[in-house]
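Residue-level structural notes
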Amino acid sequence: MTVTPPRAGDEGTTARGAGAAAGRHREAGAEGGGADEVLLPGARVAAAETARPATEAPGVGATTGTGTKRNPPAEGGPPTRGFLAKATLVTAALSIAGALLGLGRDQALAHLFGAGTETDAFLVAWTVPEVAATLLIEDGMAFVLVPAFSLAVARRASRTGGSGGSGGDPVRALVASTLPRIALALVGVSALLIAGAPYLVAGLAPGLPDPRLAVDCTRLTATCVLSFGLAGYCSAALRAHRRYLAPAAIYVAYNTGIITAMFVLGGHWGVRSAAIGVALGGCLMVAAQTPSLVRQLFGRHRSAAPTATTPESPVTEHSGRSEQSGQPSVTHSVNLALVTPVLLFALCRQSQVLIERYLASNLPSGAISHLNYAQKVAQIPMTLSLMLCTVTFPVLAQALAEGDTERARNRVEHDVSVAACIVLLGAAAVFACAPQIIELLFQRGAFTARDTAATATVMRVYSVGLLGHTLVGALVRTYFSAGRPTWYPLAAMAAGIVATSWIGAATVGAWGVSGIAAANAVGITLTAALLLSGMNARRSVPIRTRRVVHELSKPLRAAGCAAVAGALCASRFEAPALALCAGGTTVALVYVLLLRLLGVQAVAPAFRTALRSVTRRLPHARFR
């Protein structure tokens, strides 16, 4: 399912006004990148689409009939399929680099400190950056700020397009009204965590053998609350401006800082060096994005006065509402009623990790480490599958802000289908080749064959819940994109957490860490089912739920067969590298063949669009 591009003549906007706006965007040059297609609030014009030769694929970097290179979509305009494909490729490439560095970080931790008392103490402290990343970068703050910045960018585009309005830049107004308060709150939370570290460690892991080491590490990692919050703020602003390179690079910078600190300081500071690396990496995340954000806010063309005003449609920013539309101004688009359910949802989701470590703290030494290593590797397919959703989140928010429900529904259904196909392929490979993956990645130094066996077993159990994790990540964006408070996602996540807690407590005694991982899989799958069933016009985007479930069943069946075939093939080889190669190849071949036989339609068009895009210029990948 694909998004239908806007048609010329939609709504009541004249082509003359859109052409003038497009001309101004082309003159702007470096920032908006210019566009032949401009979308003003409530109206879409694509006059240049008819001028492109029929043989030219739509997208960024294409050429017109006169040989002129097409520029990326303007800030207020709908992105082409090619632009989204390139943005997804950039995000995925840097996310893969960050994930590989994350594996390198975990390998360094396992090699230097093993899977024992020291690493258990650090991993309790690691809870702070894990929760902070979810709340402030990946989910919580992004769900609030991306729609807010998308609205501000659309308002700014409408002004420069001559649709009316006077006053300052809406994006700068949003930054001025939110950033100081957010920064002050982050400083307060960081100070509170540093002061309360002993109580936090006692609550998270009461059975920990060395709580003092965990307290030291927690105080060092608590500084990441401020740095992660600022990094998440920058990421939301840049993605709303359709700048994806710097936000995608933050985990490359973060993991580089941790790895460097462990090798440079590990001999003297022990596992505390990893906590120092967390503090350093958080600062690098902010530094990687600051230059790009400054250019977006204070570039030369941003300081220009509005080119036209229309008395009939004034916009008064400080009144809190637009006199033309009656909608809240961008400076009032971030409020407590909207932020509270988002942050509580993100915190509730991350509490799964807290529950796991609480239950594992009373198991033999190394249990927390086995859970951590297994989870980090198993979640790589989920992270990659959500790259498309990360890129299209501002697009979805803009469509909902404009009331274009059909475009939003198509976007959600397409993204869910593609993300599910990707994550299920990864889940099948993880299940089939778990022992070989863990042996190749971690079995060296202080990490023994016993640790490999325990971690691989847990990772196979985790793989069962990967589809649930992906669906939660993809669907929850739709609930929070409309810019209105909703508590349903929190209720769905709370139901999953209750299931995780009860099942984990009931099975940890008999099954150990495998019981904890199984509880995680059941809980997140329950949450995904509730979110999917709640998709309607009152709460979210009204998708065709039965059709989506039917389409999801196809890759799910294919993944189950591929996982069994891959595991059987991998078990026939002794060498882990050869077994991984054979098992992974079998999984891929069986999975793709079954997808074709079952008639899955979502993957082929997306793959073709991405393939066309890899040889073209990536204008949105600039730091400009």
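Residues numbered from 1 in each chain as written. Predicted model: local features only at pLDDT ≥ 70, side-chain atom pairs only at ≥ 80, totals over all residues. Heavy atoms only, no water.

1. Considering the overall build of the protein chain
Formally: In this description a helix means any DSSP run of H or I spanning at least four residues, a strand means any run of E spanning at least two, and both kinds are numbered starting from the N terminus. Any residue under 20% of the maximum accessible area for its type is buried, any over 50% is exposed, and the rest in between are partly exposed; the area is computed with a 1.4 Å probe on protein chains only. Using the Shrake-Rupley algorithm and a 1.4 Å probe, accessible areas are obtained, with residue cover drawn only from the displayed protein chains.
Looking only at helices and strands, one finds 24 helices and four strands in the protein chain. Taken over 624 residues, the protein chain has a buried fraction of 56%. By element, 65% of the accessible surface of the protein chain is carried by carbon and sulfur atoms, the whole surface being about 24300 Å².

2. So, helix H19 (residues 466–480)
How we decide: Given the number of residues in a helix, its expected span is that number minus one, multiplied by 1.5 Å.
Across its 15 residues, H19 extends 22 Å between first and last C-alpha, which sits within 8% of the 21 Å expected from 1.5 Å per residue. Judged by how many residues are buried, H19 sits mostly within the fold: 15 of 15 residues are covered.

3. Some points on a nonpolar patch on the surface
Stated formally: A patch consists of residues whose relative accessible area exceeds 30% and which take part in no salt bridge; residues with like charges are grouped when within 9 Å of each other, and nonpolar side chains (Val, Leu, Ile, Met, Phe, Trp, Tyr) when within 5 Å. The rule for a salt bridge is simple: a side-chain nitrogen of Lys or Arg has to be within 4 Å of a carboxyl oxygen of Asp or Glu.
Taken together, the side chains of Leu344, Leu347 and Trp487 make up a nonpolar region of the molecular surface, amounting to roughly 290 Å² of accessible area. Its relative accessible area of 40% is what places Leu347 among the partly exposed residues.

4. Concerning the nonpolar core
The condition is simple: Grouping buried Ala, Val, Leu, Ile, Met, Phe, Trp, Tyr and Cys residues that are joined through side-chain atoms within 4.5 Å yields what is termed a nonpolar core. A contact between two residues is defined here by any heavy atoms of the two lying within 4.5 Å.
The biggest cluster of nonpolar side chains holds 146 residues, and the ones touching the most others in it are Phe122, Phe149, Phe228 and Met459. With 17 residues, helix H17 (residues 405–442) is the largest single contributor of residues to this core. Sequence-distant contacts of Phe122, that is, excluding residues within four places in its chain, are made with Leu109, Cys217, Val271, Ala274 and Ala275.

5. A look at the packing of aromatic side chains
Going by this rule: In this scheme Phe, Tyr and Trp rings, the latter by its six-membered ring, pair at centre separations within 6.5 Å, and the angle between planes marks the pair as stacked below 30 degrees, edge-to-face above 60, and tilted otherwise. For a ring to carry a charge above it, either NZ of a lysine or CZ of an arginine must fall within 6 Å of the ring centroid while also lying within 35 degrees of the normal to the ring plane.
Tallied over the entire structure, the rule returns nine aromatic pairs. Taking the centre distance of 5.5 Å and the plane angle of 85 degrees together, the rings of Phe149 and Tyr233 count as edge-to-face. With a gap of 84 residues between them, Phe149 in helix H5 (residues 140–160) and Tyr233 in helix H9 (residues 224–240) connect regions that are remote in the sequence. Residue Phe149 shares its accessibility class with Tyr233, and that shared class is buried. Three or more aromatic residues joined by ring pairs form one cluster here, namely Phe122, Trp126, Phe228, Tyr251 and Tyr254. One cation-aromatic arrangement involves Arg460 over Phe431; the distance from NZ or CZ to the ring centre is 5.5 Å.

6. With respect to the pattern of salt bridges
Applying the stated criterion across every chain, the model contains nine salt bridges. Measuring nitrogen to oxygen at the nearest pair gives 2.9 Å for the salt bridge that ties Arg272 to Asp216. With Arg272 in helix H12 (residues 272–298) and Asp216 in helix H8 (residues 211–221), this pair connects stretches of sequence that are 56 residues apart.

7. Remarks on unusual backbone geometry
Residues other than glycine predominantly adopt negative phi, and peptide bonds predominantly adopt the trans conformation. Residue Arg242 is not a glycine yet carries a positive backbone phi of 60 degrees. Note on placement: Arg242 falls in the loop between H9 and helix H10 (245–248).

8. A word on the packing of helix H3 (residues 117–125) against helix H14 (residues 367–378)
The test is simple: Between N-to-C directions, angles cover 0 to 180 degrees, with each direction set by a line fitted to C-alpha atoms, over the stretch in contact for helices. Relative orientations are named as follows: roughly parallel for angles under 35 degrees, roughly antiparallel for angles over 145 degrees, roughly perpendicular for angles from 65 to 115 degrees, and oblique for any other angle. In a left-handed crossing the near helix is turned counterclockwise from the far helix by less than a right angle, and in a right-handed crossing that turn is clockwise.
The N-to-C vectors of H3 and H14 enclose an angle of 60 degrees; their axes lie 8 Å apart at closest approach. On the basis of the axis angle, H3 is oblique to H14. By crossing handedness, the relation of H3 to H14 is classed as left-handed. Contact residues: Thr119, Asp120, Leu123 and Val124 in H3; Ala367, Ile368, Ser369, Asn372 and Tyr373 in H14.

9. Re H3
Counting buried residues in H3 gives seven out of nine residues, a clear majority hidden from the surface. Those residues of H3 that sit buried are Thr119, Asp120, Ala121, Phe122, Leu123, Val124 and Ala125.

10. A few points about the confidence of the model for the protein chain
Our working definition: The score called pLDDT rates the predictor's confidence residue by residue, from a low of 0 to a high of 100.
With 75% of its residues at a pLDDT of 70 or more, the protein chain shows a mean pLDDT of 77. Note that pLDDT drops below 50 for residues 162–166; the model gives that stretch 21 contacts with residues more than four away or on any other chain. Confidence drops under a pLDDT of 50 for residues 609–624, and excluding neighbours within four residues, the segment shows 49 contacts in the predicted structure.

11. Observations concerning the environment of Lys86
Considering the arrangement of structural elements, one finds Lys86 in helix H2 (residues 81–113). Note: C-alpha distance between Lys86 and Val391 (305 residues apart in sequence) is 9.8 Å.

12. Digging into the environment of Ile96
Along the chain, Ile96 falls in helix H2. Along the chain, Ile96 and Ala248 lie 152 residues apart, while their C-alpha atoms are 9.7 Å from each other.

13. Describing the packing of H14 against helix H18 (residues 449–463)
The criterion, for reference: Under the grouping applied here, Gly and all other residues not named as nonpolar or charged are polar, the nonpolar ones being Ala, Val, Leu, Ile, Met, Phe, Trp, Tyr, Cys and Pro and the charged ones Asp, Glu, Lys and Arg.
The geometry of H14 relative to H18 is characterised by a closest axis approach of 8 Å and an angle of 50 degrees between their N-to-C directions. Between H14 and H18, the interaxial angle falls into the category oblique. Judged by the sense of rotation from one axis to the other, the crossing of H14 with H18 is right-handed. Every residue of H18 that contacts H14 at His370, Leu371, Tyr373, Ala374, Gln375, Val377 and Ala378 is listed here: Arg450, Asp451, Ala454, Thr455, Val458, Met459 and Tyr462. Residue classes in the contact of H14 with H18 are distributed as nine nonpolar, three polar and two charged.

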